[in-house]
Amino acid sequence: MALPSTFLPAFVFLTFCLCLYPHLASAKHGSTGVTRHYKFNIRMHNVTRLCQSKSIITVNDKFPGPRIIAREGDRLVIKVINHVSNNITIHWHGIRQLRSGWADGPSYITQCPIQTGQSYVYNFTIIGQTGTLWYHAHVSWIRSTLYGPIVILPGRNTSYPFVKPYKEVPIIFGEWWNNDTEAVINQALQTGAGPNNSDAYTINGLPGPLYNNCSSPKETFRLKVKPGKTYLLRIINAALNDELFFKIANHTFTVVDADASYVKPFETDTIFITPGQTSNVLIKTKNLTSNAKFMMAARPYSTAAAGTFDNTTVAGVLEYMSDTMSSSSNTSIKGLPLPTLPAINATAYVANWTNKFRSLGNSQFPVNVPQTVQNRYFFAVGLGSDPCPKNQTCQGPNGTKFAASINNISFTSPTIALLQARYFGKSNGVFTTDFPSTPLSPFNYSGTPPNNTMVSHGTKVVVLPYNTTVELVMQGTNIFGAENHPLHLHGFNFYVVGQGTGNYNSTTDPANFNLVDPVERNTVGVPSAGWVAVRFRADNPGVWFMHCHIEIHLSWGLRMAWAVMDGKLPNQKLPPPPSDLPKC
C-alpha cells in the first residue's frame, strides 16, 4: 500500500525545507532566483483505500503527488514523462505564467496532451507570488488522483508578514472513488445524468476512521504537534466536485493568505474552501500535556438541487506529542468528539466567510486593483440541458441531458490547442472570437427559470487588447437549482471587488464595490443565486482558460477562454513555443 509519506511529516521552515527530496529536484543559482529541476514520471500505482485496492495514475508513485518547493523568483523546469495509456497534461494551478503560457497545461487550450511514451518540459518562473498553490492533471477527471502541492517560500532576504511558524504542513482535501473516475464521467456523459458520487473524502490521501476502512489506523491522517507552537497549515481543496467546511475541535485558525496572496489576518474556527482554492492558516497549539488528541473533520457545502453529492465526513487527528514520545499510529481515537461543522447548505455562513477576505495592502504588498475599466462583461453561469439523442433514453432533467454554460454557450473542446492555433494564425475552423459579452437572452437569473433551458454549443473566445482593464460580473442562475460555482481563471489573479445575492444591479451595486483592499484570488465562488464582480488587467499575452472547478460542471461545458493580444514591446509578446510542445 502506498502511503502519502511525503505529506505526513511536517517540514522545517525556509532553507532546510529546500533540501528535502533531493532525488526530486536540483537547483542552479541565478541572479534573482534559482532554477529548480523536477522529473515527474506519470505511472500507474496500486493503492488500497476503504478495504479495496486499485491501480491509480500518480506522479512518481506518490498519492498525493510529491510537493514542489521553490522561492518567489525561482524558475521551475519540470519534465513530465507519460508512462500510462491515458493522455496527460499538468496544470500549475494559480501560477501566473507571465509570458509562459505554453507551460500552463490545460488540454487543448494551451497544449495538446502528452501521449503515451512521450514527454514535455514545463518551464516557467514564479513572479510576485508567495504562499501555497498546487498542480493537477488537466485532462478529463484524471486529477482525481494526480495532484500535489506547490510550496512557494518568500524570496531571498525577505520573510512572511506574520509570525515565523515552527513548522509547515500541507493539508490537501481530495475525493476517493472505488471505481475508475474515467468510467464515472463517461457514464454520466452517456446517460445525461449526474455522476456517481465519490466514496469518501480524503485528507492527504487518507479517508479517516468514519468510513468502512477495515479499522486500519494507517488510513487516518494524524497531525502531530508540540504544545505552545505556531504551525502553518497549507490548505488545498483538490476535491473534484465539492466545496468543503473544515474544522479542528477546540482550536482556532488565523487566515493569512488566499491563493498565494497575503490577506489581512483574521481568526476563525471553521475554514470554507472551494475546489481549486488554497489558503495558508496559522494554528497556535495549546499548552497541553502530550498525548492530548482532537478530531479534525471536513464535509461538503452544497445547495445543489440537481443530482446527489457525497454527503460524508472525512476525519483526522491533531495529536500533541513530546520529544520523547514515539510516533505510533495506533493510539486510540475512539470516543473523541467530532467538531461541529456548519449545515450542509449554510449559504449565509459562506457569504459571511467570503466577505472577511481583504488584501494585506501595505507598502510592501500594494493593492493594484484597476480603478478604471475599459472592458466590461456580464456572464450568466449555471446549468442547462441538451436534447436526448434519438433512440436513447436520457436520465437528465425531464428526459434530457445535463449541460452547463456561460452566457448560454456550452464550450466545445477543440481538437487542436487554441494557443497553437492562434499563435500560428490557423484559428479558422478551430475557434471564433464572438463570445457574447452579455447573455443573448436575458431572464430572471436568480428567480423563475426560463421555459427553454437548452444551451448552445461552440468554441468561442473573448479577445482582449494587451494591458487593458477588465471588469467581469458573474451571475449565478437558478436553472435546475442555484449552486455556488467556483470559477478559476488561468494566467491571472483578479481582485474580488463585490458580491451579492439575487440579480446584479448595474446601476446600484457598483457603488458598494471595494476598490481599496479587495482580496486577490485565482478562484472565486459565484454565490448560489447571487453574483460576484472581479477586476484584472490583461497584461499576460496568450490564451487563458476560465472554468468552473467543480469537475462535472466543467465536463458539461461551463468553461470559456480569453485571448489576450501581444503588446508592442518585445517583453509584451508571447515567445515561440518550445520545440517539444506535444503534437495533436
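If you're wondering where the values come from, they're calculated on a predicted model, not measured in any experiment.

### Quick look at the overall build of the chain
Across its full length, the chain holds four helices and 33 strands. For the chain, whose C-alpha radius of gyration is 23 Å, the value lies close to the compact-globule estimate of 25 Å for 584 residues. Its C-alpha atoms put the chain at 65 × 55 × 55 Å along the principal axes. Evaluated residue by residue, the chain yields a buried proportion of 60% over its 584 residues.

### What about the pairing of strand β30 (residues 523–526)?
Both faces of β30 are covered, namely the face carrying Thr-523 and Gly-525 and the face carrying Val-524 and Val-526. The pairing of strand β27 (residues 485–489) with β30 spans four bridges and is classified as antiparallel. Among the inter-strand pairings, His-485 is bridged to a residue of β30, identified as Val-526.

### With respect to the pattern of salt bridges
What the rule picks out here adds up to 14 salt bridges. Notably, a salt bridge pairs Asp-517 with Arg-358, separated by 3.8 Å at the nearest N-O pair. Here the residue Asp-517 occupies a position in the loop between β28 (494–501) and β29 (519–521), and Arg-358 occupies one in the loop between α2 (347–355) and β21 (375–386), the gap between them amounting to 159 residues. One network of salt bridges, with partners in common, ties together Arg-222, Lys-224 and Glu-319.

### Details of the UniProt feature "domain: Plastocyanin-like" (unreviewed entry) in the chain
UniProt's entry tags residues 42–154, 168–320 and 445–566 with the feature "domain: Plastocyanin-like" (unreviewed entry), counted in the numbering of this structure. Summarising residues 42–154: 0% helix, 47% strand, and an end-to-end C-alpha distance of 29 Å. Annotated as 5% helix and 46% strand, the span residues 445–566 places its first and last C-alpha atoms 35 Å apart.

### Brief notes about the sheet that holds strand β8 (residues 131–137)
Across the sheet, four strands lie side by side as β4-β9-β8-β6; this open sheet has mixed pairing. Edge positions in the sheet fall to β4 (68–71) and β6 (90–93), since each of these pairs with one other strand and no more. On average, each strand axis in the sheet is tilted by 20° relative to the strand beside it, whichever way the strands run.

### Side note on unusual backbone geometry
Most peptide bonds take the trans configuration, and most residues that are not glycine carry a negative phi. In this structure, the amide linkage connecting Phe-63 to the following residue, Pro-64, adopts the cis form with an omega of -10°. Within the secondary structure, Pro-64 is located in the loop between β3 (52–59) and β4. Of note in the backbone geometry, Cys-51 takes a positive phi value of approximately 70° without being a glycine. Mapped onto the fold, Cys-51 is located in the loop between β2 (34–49) and β3. The phi dihedral of Phe-480 falls on the positive side, at around 55°, and the residue is not glycine. Among the structural elements, Phe-480 can be located in the loop between β26 (469–476) and β27.

### Some words on the side chain of Asn-514
On the secondary structure map, Asn-514 appears in the loop between β28 and β29. Each residue touching Asn-514, except ones within four places of it in the same chain, is listed here: Arg-358 and Val-497.

Here is what the cut-offs are and how they apply
Residues numbered from 1 in each chain as written. Predicted model: local features only at pLDDT ≥ 70, side-chain atom pairs only at ≥ 80, totals over all residues. Heavy atoms only, no water. Helix = DSSP H or I, 4+ residues; strand = E, 2+ residues; numbered from the N terminus. Rg over C-alpha atoms; globule rule 2.2 N^0.38 Å. Buried < 20%, exposed > 50% of the residue type's maximum accessible area, 1.4 Å probe, protein only. Pairing = 2+ DSSP bridges. Salt bridge = Lys/Arg side-chain N within 4 Å of Asp/Glu carboxyl O. UniProt positions renumbered as here; feature names shortened; annotations may be inferred. Axes fitted to C-alpha atoms, helices over the stretch in contact; angles between N-to-C directions. Contact = heavy atoms within 4.5 Å.

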